[in-house]
Amino acid sequence: DFEKMNITKIKNSKNNKKLTMITAYDALFSKLFSEIADMILVGDSLNMSFAGKPDTLSATLDQMIYHTNAVCAGAPKAFVVLDMPFGSYINENQALENAAKVYAQTNAAAIKIEGGEDRAHIIEHLTKNSIAVMGHIGLMPQYVRSEGGYKVRGKSKEDEEQLIKDAIAVEKAGAFCIVVEGVMSDVAKKITEAVSIPIIGIGAGNVTDGQVLVWSDMLGFFEDFKPKFVRHYLNGAKLVKEAVNQYRSDVQDSSFPSKEEEY
Ligand code: KIV
Ligand code: NA
């Protein structure tokens, strides 16, 4: 019962159907996720889990375009969102030039940019120029150095008010949906009720209009630590290690390849 998503269907799903988004960075996994997930996000989280960097800040637009083309090739029916990397939307004109490059060079349906009231003018310029924009407020990983770390948001009354203002500003600027990351769940509920576009949560409780998870987190491939908001749906790391150990042992005792696996 998979239905290919578009902007209208995503907006109409509010109060109707919960949206499932998952990240993907390559054709192999996007093929597995397509026709299941409503949206596939080529997140700049790939800079950490794929490129091994300490944070998302050094991801480049060309890198995001490369991965988005791989994801779109594996999942031609998926609604694919390209995460605009740090420094690629510093003012209206540069943001539009870069977003136009994304539309010219990939089949991404939309782009995602981090920021609330502070970036609403940029989102507005993009949406007025026919770019579909997904917002991202709350804990914003691209602000890690300027904020001095990753902090759960919405713990004070002022912060709660700021987050609601951010959501409303992003909606007014023309975004079709907003990721809300790392926010106290009671505040995420208020944000969800404050806007008429879907709120996709991550670390924001079950009160939002949908959820997003990083594929390598939810499939258990990242073993170093498990954030509280992640659920492991597969013991990926354990299964892979067991399989590779078995392969090595089969090589060592010459049971691989067998007669049937020979030419
Ligand atoms: O980069 C990413 O994977 C993201 C999601 C966690 C929302 O931005
Ligand atoms: Na991101």
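Residues numbered from 1 in each chain as written. Chains lettered and ligands numbered in written order. Predicted model: local features only at pLDDT ≥ 70, side-chain atom pairs only at ≥ 80, totals over all residues.

Asker: How should the site of ligand 1 be read in this particular structure?
Answerer: Residues in contact with ligand 1, as listed here, are Thr 23, Leu 41, Gly 43, Asp 44, Ser 45, Asp 83, Val 179, Glu 181, Ile 202, Val 212 and Val 214. For the shell around ligand 1, a count of residues per class yields five nonpolar, three polar and three charged. (Near = placed C-beta within 6 Å. Nonpolar A, V, L, I, M, F, W, Y, C, P; charged D, E, K, R; others polar.)

Asker: I keep staring at the domain arrangement of the protein chain and nothing clicks. Help me out?
Answerer: Size of an interface: often given as the accessible area lost when the parts come together. By the assigned domains, the protein chain splits into domain 1 (7–232) and domain 2 (235–263). Domain 1 and domain 2 are separated by 38 Å when their C-alpha centres are compared. (Domains from an automatic or database assignment.)

Asker: I tried to follow the UniProt feature "binding site: 3-methyl-2-oxobutanoate" (unreviewed entry) in the protein chain on my own but got confused; where do I start?
Answerer: The UniProt record marks Asp 44, Ser 45, Asp 83 and Lys 112 with the feature "binding site: 3-methyl-2-oxobutanoate" (unreviewed entry), using the residue numbering of this structure. Despite a sequence span of 69 residues, these residues sit close together in the fold, their greatest C-alpha distance being 12.6 Å. In this fold, Asp 44 is placed in the loop between β2 (39–42) and α3 (46–49). Asp 44 gets classed as buried once you count the C-beta atoms within 10 Å, which come to 28. With near-sequence residues (within four places) excluded, Asp 44 lies in contact with Thr 56, Ala 59, Met 64, Asp 83 and Pro 85. Among the structural elements, Asp 83 can be located in strand β3 (residues 79–83). Setting aside its immediate chain neighbours within four residues, Asp 83 contacts Leu 41, Val 42, Gly 43, Asp 44, Met 64 and Lys 112. (UniProt positions renumbered as here; feature names shortened; annotations may be inferred. Helix = DSSP H or I, 4+ residues; strand = E, 2+ residues; numbered from the N terminus. Buried ≥ 20, exposed ≤ 12 C-beta atoms within 10 Å, placed from the backbone. Contact = placed C-beta atoms within 7 Å.)

Asker: Where do I start with the sheet that holds strand β1 (residues 19–23) in this structure?
Answerer: Whether parallel or antiparallel, the strands of a sheet pair through hydrogen bonds between backbone atoms. Strand order in the closed barrel formed by eight strands is β1-β2-β3-β4-β5-β6-β7-β8, with parallel pairing between adjacent strands. Neighbour-to-neighbour, the strand axes of the sheet open up by a mean angle of 25 degrees, direction not taken into account. Across four bridges, the pairing between strand β4 (residues 110–114) and strand β5 (residues 133–138) is parallel. Directly across from Ile 113, in β5, lies its bridge partner Gly 135. Strands β4 and β5 of the sheet are contacted by helix α6 (residues 120–128), whose axis makes an angle of about 165 degrees with β5. (Pairing = 2+ DSSP bridges. Axes fitted to C-alpha atoms, helices over the stretch in contact; angles between N-to-C directions.)

Asker: Please clarify how unusual backbone geometry should be interpreted in this entry.
Answerer: Note on backbone geometry: most residues besides glycine have negative phi, and most peptide bonds are trans. Residue Pro 257 is reached from Phe 256 by a cis peptide bond, and omega for that bond is -5 degrees. Counting through the fold element by element, Pro 257 comes out in the segment after α11 (236–252). Phi at Glu 35 is positive, roughly 65 degrees, even though this residue is not glycine. Tracing the sequence through the fold places Glu 35 in the loop between α2 (27–33) and β2. Although it is not a glycine, Ser 254 sits at a positive phi angle of roughly 65 degrees. The topology assignment puts Ser 254 in the segment after α11. For Ser 254, a count of 8 C-beta atoms within 10 Å puts it in the exposed group.

Asker: I'm lost on the packing of helix α8 (residues 157–172) against helix α9 (residues 185–194) in this one. Help?
Answerer: The interhelical angle for the contact between α8 and α9, taken along N-to-C directions, is 30 degrees, at an axis separation of 9 Å. The orientation of α8 relative to α9 falls into the category roughly parallel. As α8 packs across α9, the resulting crossing turns out to be right-handed. The residues of α9 that touch α8, namely those facing Glu 160, Leu 163, Ile 164, Ala 167 and Ile 168, are Val 187, Lys 190, Ile 191 and Ala 194. By residue class, the composition of the contact of α8 with α9 is seven nonpolar, no polar and two charged. (Parallel < 35°, antiparallel > 145°, perpendicular 65-115°, else oblique. Left-handed = near helix turned anticlockwise from the far one by under 90°.)

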